[in-house]
Amino acid sequence: MDRENLISVQEFCSLYKVPETFITSLYEYELIEITTTDNTQCVRVTQLKNIEKLIRFHFEMDINLEGIHAISNLLNKVETLQDEIKRLHNKIDFYESN
């Protein structure tokens, strides 16, 4: 595994000042992926934006993990629907231009 695209959970928690148990809970709720390499739990750098959002939900907005799970599922559905709308708009534009 390419270590430069990973950050250890311990390092992440130290930088963001969040408990490791919170990151473990996010993993247990299937909100993030944790990769183990060399006996070290890591998260992908590409997940950082999402994890930061989840941290804000919990620590700034005081939303519990169940609420974060529900919100994340709804946001993912909205994103999927927005992608579908874009795809359909592109299809319509293609047919209208012919």
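Structural data are supplied above this passage.
Because the structure is a prediction, the values reported are computed rather than measured. (Residues numbered from 1 in each chain as written. Predicted model: local features only at pLDDT ≥ 70, side-chain atom pairs only at ≥ 80, totals over all residues. Heavy atoms only, no water.)

So, on to helix α4 (residues 65-97). Between its first and last C-alpha, α4 extends 48 Å over 33 residues, near the 48 Å set by a 1.5 Å rise per residue. Of all the residues in α4, the buried ones are Leu 65, Gly 67, Ile 68 and Ser 72. The inward-facing, buried residues of α4 abut α2 (20-28) and α3 (48-60). (Helix = DSSP H or I, 4+ residues; strand = E, 2+ residues; numbered from the N terminus. Expected span 1.5 Å × (residues − 1). Buried < 20%, exposed > 50% of the residue type's maximum accessible area, 1.4 Å probe, protein only. Contact = heavy atoms within 4.5 Å.)

Looking along a regular strand, one sees the side chains alternate between the two faces of the sheet. The pairing of strand β1 (residues 6-8) with strand β3 (residues 40-44) spans 3 bridges and is classified as antiparallel. Looking at the pairing, Ser 8 lines up with Cys 42 of β3. Relative to β3, strand β2 (residues 35-37) runs antiparallel, the two being bridged by 3 bridges. What sits directly across from Thr 36, in β3, is Gln 41. (Pairing = 2+ DSSP bridges.)

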